[in-house]
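Structural characterization, general
Residue strings, one per chain:
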Amino acid sequence: MADEKNLVLDANQDLGEIVIAPEVIEIIIGIAASKVDGVYDMQGSFTSNVTQLLGRSNHGKGVSLTIDETGIKVDLYCYMKYGVSVPKTAMEIQERVKQQVLFMTDVELTEVNVHVVAVVPEKIETPDLDELFENEEENE
């Protein structure tokens, strides 16, 4: 039996009903958003970060779903890479998420809200101190 939170798809009722848990849609959204060029990572909670440290990936992190009478609204919280066009990347996230959810579940999203939490700069390699001072030692 379908729970109030689960989504029941309109399908051939002769064969039975198709029920999708919201967690499944969150995972699809998380994977689709993280695959967009320019997205560094999705914002997670403490528990999702601990889960990731333990070696398991949490694809639903940074995704919040709201289901009401108007439809399904999604809020995505993500980190962007430094140097990308934030509006262009955010629009690409919106398009890809809507497209993937429609393709995989036949569910139309009414809103995809992208919240850019931070911009992450490129990591700069720390210089090797032994290498830097190697020439000075040879000169002495």
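Refer to the structure printed above.
Summarised in this report is the structure supplied together with it. (Residues numbered from 1 in each chain as written. Predicted model: local features only at pLDDT ≥ 70, side-chain atom pairs only at ≥ 80, totals over all residues. Heavy atoms only, no water.)

**So, the overall build of the chain**
The helix and strand inventory of the chain stands at 5 helices and 6 strands. Of the regular secondary structure in the chain, the N- to C-terminal order runs β-β-α-β-α-β-β-α-β-α-α. Out of the 140 residues in the chain, the part that is buried amounts to 26%. Here the contacts in the chain between residues at least 6 apart in sequence split such that 61% fall between residues at least 24 apart. Carbon together with sulfur atoms contributes 50% to the accessible area of the chain, which is approximately 10,100 Å² in total. (Helix = DSSP H or I, 4+ residues; strand = E, 2+ residues; numbered from the N terminus. Buried < 20%, exposed > 50% of the residue type's maximum accessible area, 1.4 Å probe, protein only. Contact = heavy atoms within 4.5 Å. Areas by Shrake-Rupley, 256 points an atom, 1.4 Å probe, with all protein chains shown as cover.)

**Examining the side chain of Thr 89**
Assignment of secondary structure puts Thr 89 in helix H3 (residues 86-105). Residue class for Thr 89 comes out buried when judged on its relative accessible area of 5%. Non-local contacts of Thr 89, meaning those with residues more than four positions away in its chain, are made with Val 36, Asp 37, Gly 38, Val 39, Met 80 and Val 84.

**Thoughts on helix H1 (residues 22-34)**
In a regular helix each residue adds 1.5 Å, so 13 residues correspond to 18 Å; H1 covers 18 Å between its end C-alpha atoms and thus fits that length. Pro 22, Ile 25, Ile 28, Ile 29, Gly 30, Ala 32 and Ala 33 are the residues of H1 that are buried. (Expected span 1.5 Å × (residues − 1).)

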